[in-house]
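# Structural overview for review
In case you want the letters, here they are:
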Amino acid sequence: MLLNDRKTILRYLENHLRVNGHIIGAASGSGHSALSAVKGGSDMILALSAGRFRSSGRPSFASYLCYGNSNQIVEEFAARELMTLLPYTPVLFGLNASDPLIDRREYIQEIKESGLSGIVNFPSVALIDGNFRDALEADGMGFANEVDAIRIAHEMDFFTLAFVCTGEQTKAMIEAGADVICAHLGLTPGGTLGPKKSSSLETGKKVADEVFAVCDEMAPDILKMVYSGPIKTPVDLQYFYENTPAQGFIGGSSFERIPSEKAILATTNAFKYPLDMGLDEKRVKSLEGVLHASDYDYIEYVQEHIRTHYDQPITLQEMALTLHISAPYLSSLFRKKVGISFTEYLIRYRLNQACELLRSSELPISEVGLRVGYSDPVQFSKIFKKYKGLSPRNYKTTLLAQRHDGIPEA
């Protein structure tokens, strides 16, 4: 594969989308993490200065301040370190397009000639707001520079991935010729360096909905992805796949910082206390890389329990008892992270599974309801119609009619 041939890369990603159903990208700061991510299934690598800061034990947002020249940081490891390790994987250059010391056209041409596969606008001022953002825009260092960089790269037939946070930014990037639109949902919480505050899954979903609505209107075939933010587990990502048109995910801390912290912690503990048979349950799970007392996430446990037991009765009270916390506290934690109530999340998950069964099987409606946790067919039909706008039977009939007419399913 020609790594900097735009059409080849697009075919490569389309093939992976067709075979696997989605695309995975990893924002890496070192050859070691990038190589591991690709071995694990990542379809492309984003060389971002944020990754380099993470690798040095600093927060991702350090890439937004004057602790180093972002473009030079990426230059130092993108081609020499990543490309030499990953000859068959697209590697994108995280371009700080607002850098006043570069000529964008000449610089992008140099990136292309280096053999890299394309560019992505990072660090993006799209994540900056308030007075500081106003000052950047007024001084000519705003988002328009990133749009211009994508336009220039497109004119050079160079592959481009655009981070956006709003519908307006999406429109500008599509008009500039972006090949992939990625809704940037902010930084990822968790671990030692993660931000202590982050948006909820539902808040991130609203950003994705706004971005993808513009995509569907202007460029229905464009590849749509989500990046970072509240997505730090496969269950979180599944929520976006089931509730938005997202076709892929790009992770930084999710693939690099958080897993390495847990693995190194667990391994070091195992060597430190190899013969200590008196470790309590939490320490044992920590040594297995499953749980650490300071990093325990009740909500991840609840989401995973729903994913594996949605066909059985599940209540918030039972979950709280299992976790040895109060139901009101668990309810508050869940709403804070996810953005909707426990009950709402459970209903959405079950109905998404029901839709999949209605699409892929010939099971009776009552059996579909039973398999997603509703023993009462009447209750199942009532809830399904409330959330999906059609009864399960009419939903099934509509799907069959669309297939007969050759209309792609939504």
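Numbering of residues starts from 1 in each chain and follows the order in which that chain's sequence is written. Per-residue local features of the predicted model are confined to residues with pLDDT of at least 70, and side-chain atom pairs are confined, for both listing and counting, to 80 or more; whole-chain, interface and lining totals are unaffected and use all residues. To get the side-chain values, take all heavy atoms of the structure and skip hydrogens and water.

Between any two strands, at least two bridges found by DSSP are needed for them to pair. Counting from the N terminus, the helices are DSSP H or I runs at least four residues long and the strands are E runs at least two residues long. On the basis of which strands lie adjacent, the closed barrel formed by eight strands has the order S1-S2-S3-S4-S5-S6-S7-S8 and parallel pairing. Here the strands of the sheet are splayed against their neighbours by 25 degrees on average, with no regard to which way each runs. In this structure, strand S5 (residues 159-164) lies alongside strand S6 (residues 180-184), joined through four bridges in parallel fashion. Looking across to S6, one finds that Val 164 is bridged to Ala 183. Two residues qualify as a contact provided that any one of their heavy atoms is within 4.5 Å of a heavy atom in the partner residue. For helices, the fitted line uses only the C-alpha atoms of the stretch in contact; every axis is such a line through C-alpha atoms, and the angle between N-to-C directions lies from 0 to 180 degrees. Contacts from helix H1 (residues 6-20) reach strand S1 (23-28), strand S2 (44-47), S5 and strand S7 (223-227), with the element oriented near 60 degrees to S5. Its contacts with the sheet place helix H5 (residues 104-113) against strand S3 (91-95) and strand S4 (118-121), and it is angled at close to 160 degrees to S3.

Quick look at the nonpolar core now. What makes a nonpolar core is a set of buried Ala, Val, Leu, Ile, Met, Phe, Trp, Tyr and Cys residues whose side-chain atoms join them at distances within 4.5 Å. Note on exposure labels: buried denotes an accessible area under 20% of the residue type's maximum, exposed denotes more than 50%, and partly exposed covers the range between, all computed with a 1.4 Å probe on protein chains only. In this structure, Leu 95, Ile 119, Leu 161, Ile 181 and Val 226 are the most contacted members of the largest nonpolar core, which totals 119 residues. If you tally residues by element for this core, the top one is helix H16 (residues 342-360), at ten residues. Setting aside its immediate chain neighbours within four residues, Ile 119 contacts Phe 93, Leu 95, Ile 108, Ile 111, Ala 149, Ile 150, Ala 153, Phe 158, Phe 159, Thr 160 and Leu 161.

As a further point, take the packing of helix H14 (residues 316-323) against helix H15 (residues 327-338). In the contact formed by H14 and H15, the axes pass within 9 Å of each other and the chain directions differ by 100 degrees. Judged by the angle between their axes, H14 and H15 are roughly perpendicular. Contacts from Leu 316, Gln 317, Met 319, Ala 320 and Leu 323 in H14 reach Ala 327, Leu 330 and Ser 331 in H15. Looking at the contact of H14 with H15 residue by residue, the classes come out as six nonpolar, two polar and no charged. Orientation categories follow fixed angle ranges, with anything under 35 degrees roughly parallel, anything over 145 roughly antiparallel, 65 to 115 roughly perpendicular, and all other angles oblique. For this classification, Asp, Glu, Lys and Arg are treated as charged, while Ala, Val, Leu, Ile, Met, Phe, Trp, Tyr, Cys and Pro are nonpolar and the rest, including Gly, are polar.

Axis angle and axis distance: for two packed helices, these are the angle between their axes and the distance between the axes, and together they describe the pair. Two elements in contact, helix H13 (residues 298-309) and H16, have axes separated by 10 Å at closest approach and are oriented at 30 degrees. For the pair H13 and H16, the crossing hand works out as right-handed. Between H13 and H16, the residues in contact are Val 302, Gln 303, Ile 306 and Arg 307 and Phe 342, Tyr 345, Leu 346 and Tyr 349, respectively. Here the contact of H13 with H16 is built from residues that sort into six nonpolar, one polar and one charged. By definition, any crossing whose near helix is turned counterclockwise from its far helix by less than a right angle is left-handed, and any crossing with a clockwise turn is right-handed.

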